[in-house]
Amino acid sequence: MKQYHPTLDSIRFCPKCGMPLHTPQRENYMECPHCGFLLFFNAALAVAVVLCDAAGRILMTRRAKEPAKGTLDLPGGFADIFEKPEAAACRELAEECGIALSPEKLTYFYSDVNPYSYHGVTYVSTDLYFMARVPDFSAARALDESSGIAVLQPREINLQEVSFNSARNAIQYYMILNDIKKC
């Protein structure tokens, strides 16, 4: 059974005929009772990278904007339409941290779902997490939507300071995969 998509709460008028809508809370679509137009809402695709250096430290960003402004996050963001997830992850890494990485350097390791509230609208994203290694973080700098960079050993990451549940879950799963014990 499909679940109700919260973005539907923000749609008040039919995008085709302009008539008012009274969207019942069901599944992932709205149907205009006046013209029959159907509009489906599915999850948006988001990506993030757990990037480690030779010392096993993880590169994290500090969010410069809402939602979750000021919290720690993994470099990442939404994939563009028709963009492959690996390419999106590399683009986001370059945009947020200045680190260039090719898609073949990424290894997929985790996925999760994430309610993402932005300007009063709740979107639902499917988050794909990749991991990769670089020799060091000398090229890293805060760009785009990052107010800062943090380089931490995995066991030093305060999960309460991490932006979203999906990112916290990904970090915990990364630690399990790599047999890293929390202090």
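Just above, that's the structure.
Definitions and limits used
Residues numbered from 1 in each chain as written. Predicted model: local features only at pLDDT ≥ 70, side-chain atom pairs only at ≥ 80, totals over all residues. Heavy atoms only, no water. Helix = DSSP H or I, 4+ residues; strand = E, 2+ residues; numbered from the N terminus. Buried < 20%, exposed > 50% of the residue type's maximum accessible area, 1.4 Å probe, protein only. Areas by Shrake-Rupley, 256 points an atom, 1.4 Å probe, with all protein chains shown as cover. Lys, Arg positive; Asp, Glu negative; His and termini not counted. Charge placed at Lys NZ, Arg CZ, Asp CG, Glu CD. Pairing = 2+ DSSP bridges. Contact = heavy atoms within 4.5 Å. Disulfide = S-S within 2.5 Å.

Student: Explain the overall build of the protein chain here, please?
Tutor: The helix and strand inventory of the protein chain stands at 2 helices and 9 strands. Starting at the N terminus and ending at the C terminus, the protein chain contains elements arranged as β-β-β-β-β-β-α-β-β-β-α. With the C-alpha coordinates aligned to their principal axes, the bounding extent of the protein chain is approximately 60 × 30 × 30 Å. By residue count, 42% of the 183 residues in the protein chain fall in the buried class. Split by element, the accessible area of the protein chain, about 10200 Å² in all, is 54% carbon and sulfur. Each charge class in the protein chain was averaged separately, 18 positive and 21 negative side chains, and the resulting centres sit 2 Å apart.

Student: Even after reading the chapter, I still don't get the pairing of strand S3 (residues 44–52), so can you show me in this structure?
Tutor: Residues in a regular strand point their side chains to alternate faces of the sheet. The element S3 is extensively covered by neighbouring structure, given that 7 of its 9 residues are classed as buried. Pairing geometry for S3 and strand S8 (residues 121–133), over 9 bridges, is parallel. Across the sheet, residue Ala46 finds its bridge partner in S8, namely Asp127. Here S3 pairs with strand S6 (residues 76–78) via 3 bridges, running antiparallel. What sits directly across from Ala46, in S6, is Phe78.

Student: I tried to follow the environment of Glu95 on my own but got confused; where do I start?
Tutor: Assignment of secondary structure puts Glu95 in helix H1 (residues 85–97). For the pair formed by Glu95 and Asp144, sequence separation is 49 residues and the distance between their alpha carbons is 5.9 Å. When near neighbours in sequence (up to four residues on either side) are disregarded, Glu95 contacts Leu143 and Asp144.

Student: How do you make sense of the state of the cysteines when you look at a structure like this?
Tutor: In a disulfide, the sulfur atoms of two cysteines are covalently bonded to one another. With the rule as written, the count across this model stands at 0 disulfides. For Cys14, which is in no disulfide, the shortest distance to another cysteine sulfur is to Cys35 and amounts to 3.8 Å. Of the residues examined, Cys14 reaches a relative accessible area of 4% and is grouped as buried. Cys97 takes part in no disulfide bond, and the closest cysteine sulfur to it belongs to Cys90, at a distance of 12 Å.

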